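Observations on the model geometry
Here's the letter readout for the chains.
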Amino acid sequence: MGIKRVKTGIEGFDKLVQGGFPEGSCVLLAGTPGTGKTIFSLEYLYNGALKFKEKGLYISVGQPVDSLIEQAKLFGWDIEKLINNGMLEIIYISTKELDQNISQFIVDKIQQNNIKRAVIDSISVLATNAPVYKSLNEISVVDILEHRSFFSPPILGDSIIKKFIYTFIENLRTADSCTTILISEASEKGEFICRDTVSEFACDGIIIMGLMSIGNENYRSIQIRKMRLTDQGKDIYPLEITKNGIVVKTKSL
Ligand SMILES: Nc1ncnc2c1ncn2[C@@H]1O[C@H](COP(=O)(O)OP(=O)(O)O)[C@@H](O)[C@H]1O
Ligand SMILES: [Mg+2]
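This report concerns the structure included in the present document. (Residues numbered from 1 in each chain as written. Chains lettered and ligands numbered in written order. Predicted model: local features only at pLDDT ≥ 70, side-chain atom pairs only at ≥ 80, totals over all residues. Heavy atoms only, no water.)

**Observations concerning the overall build of the chain**
Across its full length, the chain holds eight helices and 11 strands. Residues counted as buried form 50% of the 253 residues belonging to the chain. Intrachain contacts of the chain at a sequence separation of at least 6 include 70% that bridge at least 24 residues. Surface summary for the chain: the accessible area is close to 12800 Å², and the carbon and sulfur share equals 53%. (Helix = DSSP H or I, 4+ residues; strand = E, 2+ residues; numbered from the N terminus. Buried < 20%, exposed > 50% of the residue type's maximum accessible area, 1.4 Å probe, protein only. Contact = heavy atoms within 4.5 Å. Areas by Shrake-Rupley, 256 points an atom, 1.4 Å probe, with all protein chains shown as cover.)

Shown next as structure tokens:
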């Protein structure tokens, strides 16, 4: 049997990934602020629920539910209706409430409610806030020595974030009929795509959304850097945010 593909339904996108994301994969959607990550993810869940009858879950760390509903409305997507009929759930989590249990909470939610599409907005905010409530007595001397970070809280902090992300993605994989987008706030420069430097290695796919401003014009782009089990489109494609949502310009493909 072939690989089952999960269509985003986003104009121009699916043909770049052989029809859709491989079912069960964890795809990192990276980009600097304002590149369209939230809109892309909302459209993925909206189309999933409406066109493909697949239940969606949006975990929002920081952006309130009402604001997401309003954002979707601008594109004509009535996600409130989907919430009311049980096809979509948006969970807002304040950074203050975050702790290590978030990972298991999300996996339980996916399994109990038969969720097929999930979005984590964002893994960056989650990873920097979730592990901080780990009590000091849970950090062993071995943890410190392993990372050669004697007396160096920033490095120790960094390694805790990395460990959290690996465990988080590993946990998500146990919900293997759910295809998840992990939004990541990309750094403007640097050799790594994500600030945490590890999520890009742990994920099955990486999509990079870009934005360049020249004069009064904004030029948006999308690139699929990696997609396991997929012969993906190799270019950097122009992308537009239209009144109906995202359009990827693929020319002759
Ligand atoms: N209706 C629209 N038409 C065109 N562009 C829009 C529209 N709504 C939002 N945008 C653009 O999308 C950007 C926000 O996208 P968003 O997905 O929230 O970004 P991110 O989540 O990557 O920070 C805005 O800064 C704006 O430039
Ligand atoms: Mg966003």
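Past the structure itself, the notes keep going.
**Quick look at a nonpolar patch on the surface**
The grouping of M212, I214 and Y219 at the surface amounts to a nonpolar patch, some 320 Å² of accessible area in total. Position of Y219 relative to the elements: it lies in strand β9 (residues 217-227). Judged by its relative accessible area of 43%, Y219 falls in the partly exposed class. (Patch = residues over 30% accessible without salt bridge, like charges linked within 9 Å, V, L, I, M, F, W, Y side chains within 5 Å. Salt bridge = Lys/Arg side-chain N within 4 Å of Asp/Glu carboxyl O.)

**Some remarks on the packing of helix α1 (residues 37-50) against helix α2 (residues 65-73)**
Orientation of α1 relative to α2, taken along the N-to-C sense of each, is 80 degrees, at an axis distance of 11 Å. Relative to α2, α1 is oriented roughly perpendicular. Residues T38, I39 and L42 of α1 form the contact with α2, whose own contacting residues are L68, Q71 and A72. Residue composition of the contact of α1 with α2, grouped by class: four nonpolar, two polar and no charged. (Axes fitted to C-alpha atoms, helices over the stretch in contact; angles between N-to-C directions. Parallel < 35°, antiparallel > 145°, perpendicular 65-115°, else oblique. Nonpolar A, V, L, I, M, F, W, Y, C, P; charged D, E, K, R; others polar.)

**With respect to the nonpolar core**
Among the nonpolar cores identified, the biggest contains 38 residues, and F13, F21, F40, I79, I207 and I222 are the most heavily contacted of them. Ranked by residues supplied to this core, first place goes to α1 with seven residues. With sequence-adjacent residues up to four places away left out, F40 is seen in contact with I10, F13, F21, L29, I181, M209, I222 and I246. (Core = buried A, V, L, I, M, F, W, Y, C linked by side-chain atoms within 4.5 Å.)

**Thoughts on the sheet that holds β9**
Pairing is mixed in the open sheet, where nine strands are placed in the order β5-β4-β6-β7-β3-β8-β9-β10-β11. Unpaired on one side and paired on the other, β5 (88-93) and β11 (245-248) mark the two borders of the sheet. The sheet shows a mean angle of 20 degrees between the axes of neighbouring strands, direction not considered. As defined by bridge partners, β9 adjoins strand β10 (residues 236-242) across four bridges and the pair is classed as antiparallel. Residue pairing in the sheet places S221 in a bridge with P238 of β10. (Pairing = 2+ DSSP bridges.)

**Notes on unusual backbone geometry**
Cis geometry marks the peptide bond from D121 to S122; its omega dihedral reads 5 degrees. Examined against the element boundaries, S122 turns out to sit in the loop between β6 (117-121) and α5 (123-129). For K53, which is not glycine, the phi torsion reads 55 degrees and is therefore positive. You can see K53 is positioned in the loop between α1 and β4 (56-61). For K53, a relative accessible area of 63% gives the class exposed. If you check the backbone angles, L229 has positive phi at about 65 degrees while not being a glycine. Relative to the elements of secondary structure, L229 occurs in the loop between β9 and β10.

**Focus on the site of ligand 1**
Looking at ligand 1, the residues that line it are P33, G34, T35, G36, K37, T38, I39, Q71, F75, R220 and I241. A distance of 3.0 Å is found between an oxygen atom of ligand 1 and a backbone nitrogen or oxygen belonging to G36. With respect to ligand 1, the side chain of Q71 contributes an N or O atom lying 2.9 Å from an oxygen atom. Sort the elements by how many residues they give to the shell around ligand 1 and α1 lands first, with three residues. (Near = heavy atom within 4 Å. Polar contact = N/O pair within 3.5 Å; in protein donor to acceptor, adjacent residues only side chain to side chain.)

**Describing the pairing of β6**
Taken residue by residue, a regular strand's side chains alternate between the two faces of the sheet. Along β6, five of the five residues are buried, which leaves the element largely enclosed by surrounding structure. Bridging between β6 and strand β7 (residues 179-185) involves four bridges; their strand directions are parallel. Bridge assignment links A118 to a residue of β7, and that residue is T180.

**A look at the state of the cysteines**
Scanning all chains against the criterion turns up zero disulfides. For the unlinked cysteine C178, the closest cysteine sulfur is that of C26, found at 8.2 Å. (Disulfide = S-S within 2.5 Å.)

**As for the pattern of salt bridges**
A full pass over the atoms with the stated rule returns nine salt bridges. For R117, the salt bridge goes to E54, with nearest N and O atoms at 2.8 Å. Of the two residues, R117 sits in strand β6 while E54 sits in the loop between α1 and β4, which places them 63 residues apart along the sequence. Close ionic contact of K249 with E240 constitutes a salt bridge, the shortest N to O distance being 3.8 Å. Exposure remark for K249: the relative accessible area of 35% places this residue in the partly exposed category.

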